[in-house]
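Single-letter residue listing:
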Amino acid sequence: MTLDKRTGYWARRPDDDDHAPDVQGNNLLLGVRPFVRDTRNLLLLQPVTGDERRTDGADGAFLPSLAYALQRGIQMMFQVEEQEVAVELIGEEAEQRILFWEAAEGGTGVWPRLLDDAHALANVAAEALKVCHFDVRGGSDLAGDECSHACYDCLLSYRNQLDHPQFDRHIIRDYLLALSQGETLERTAERTYDEQYTWLEERRDKNSGLEGEFLALLHSTRRRLPDRAQYRPNPDVYGEADFYYDRHALPGACTFCDGPDHDEPQRKARDEVERGKLEECGYRVIVIRHSQDLEAQLNRYADVFGPGAK
């Protein structure tokens, strides 16, 4: 796009046949690509059943139907509007997932309640069953002849009309029934906290004193330890994180401990390129620098490392 620097208005390119006379001269800035940054609370779901055909999107009905059924269940459970919690499918074939996000400005506070309450997701599934005209206990169809595959009282809405041909409430009934009887549990690591520290210490770069100091300070202040060490999160990106933090169903946080050798101009330039690629793939990049106070840097990223022992 072309921006007229003098007026601040978008302008036609100078080589357009019908360009306006006031866009001539050196006031044009060519090749401008506007973009917007935003922050939203996301929830990525990967449904798992014994029937892989139904979870990889191959039949074209299961995931879209489940996505909008759960959206309706969330709306009913937490009393939010359709436009406040948005949903769409991302990925392809076996990698297809359901992505929810809080579309309301400032968020709705749904996700913490959904994850912290062990029965919240089960209750959402129960609400989704009701919305889809099924009995919550036995799954019997309560719609009769009034709804075959989907209707505007269950899955259909103006916002998802392009997906209407794919919806089938019957194909998700058994999954919702099972989910309504489930319980949400936090996955715990196989190693204890001290065992995880020892495991990471054995695998860190022994030539990097900063990595050792970083780990030791995390451990002594009882902050969250990394999940992996010397980890390359994306095979298409050369950059290898010194330490890596998993995030639930999301690309994780790559932590780099930059000693004095990373101040060398060519090394610094390479770092910026590869870490930029990781950010483009959705990974969070955190750089711990030898020239800055280590405790202050950990406090700066307390959402990843934790607040530390008082």
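Residues numbered from 1 in each chain as written. Predicted model: local features only at pLDDT ≥ 70, side-chain atom pairs only at ≥ 80, totals over all residues. Heavy atoms only, no water.

Draft legend 1. A look at the packing of helix 4 (residues 120-131) against helix 5 (residues 173-180). Between helix 4 and helix 5, the least distance of the axes is 7 Å, while the angle of their chain directions is 145 degrees. Considering only the axes of helix 4 and helix 5, their crossing is left-handed. Along the contact surface, helix 4 presents Leu121, Ala122, Ala125, Ala126, Ala128 and Leu129, while helix 5 presents Arg173, Leu176, Leu177, Leu179 and Ser180. Per-class residue counts for the contact of helix 4 with helix 5 are nine nonpolar, one polar and one charged. (Axes fitted to C-alpha atoms, helices over the stretch in contact; angles between N-to-C directions. Helix = DSSP H or I, 4+ residues; strand = E, 2+ residues; numbered from the N terminus. Left-handed = near helix turned anticlockwise from the far one by under 90°. Contact = heavy atoms within 4.5 Å. Nonpolar A, V, L, I, M, F, W, Y, C, P; charged D, E, K, R; others polar.)

Draft legend 2. Representation of the packing of helix 2 (residues 62-78) against helix 5 in the model. At a closest axis distance of 10 Å, the pairing of helix 2 and helix 5 adopts a crossing angle of 45 degrees. Between helix 2 and helix 5, the crossing angle belongs to the class labelled oblique. Helix 5 is crossed by helix 2, and the crossing has right-handed handedness. Listed contacts from helix 5 to Phe62, Leu66, Ala69 and Leu70 of helix 2 are Tyr175, Leu176 and Leu179. Classifying every residue of the contact of helix 2 with helix 5 gives seven nonpolar, no polar and no charged. (Parallel < 35°, antiparallel > 145°, perpendicular 65-115°, else oblique.)

Draft legend 3. Region of the structure containing the packing of aromatic side chains. All chains considered together, the criterion is met by nine aromatic pairs. Ring-pair connections join several aromatic residues into one group, and the members of that group are Phe214, Phe243, Tyr245, Tyr301 and Phe305. Directly above the aromatic system of Tyr231 lies the positively charged group of Arg228, at a separation of 4.7 Å from the ring centroid. One Lys or Arg, Arg275, reaches over the ring of Phe256 and ends 4.2 Å from the middle of that ring. (Phe/Tyr/Trp six-rings, centres within 6.5 Å; stacked < 30°, edge-to-face > 60°. Lys NZ or Arg CZ within 6 Å of the ring centre and 35° of its normal.)

Draft legend 4. Just the sheet that holds strand 3 (residues 28-29), in detail. A sheet is described by the order of its strands in space; here three strands give the open sequence 2-1-3, paired in antiparallel fashion. Every other strand in the sheet has two partners, leaving strand 2 (10-11) and strand 3 as the edge strands with one partner each. Looking at chain direction, strand 1 (residues 2-4) and strand 3 are connected through two bridges and run antiparallel. Bridging across to strand 3, Asp4 finds its partner in Leu28. (Pairing = 2+ DSSP bridges.)

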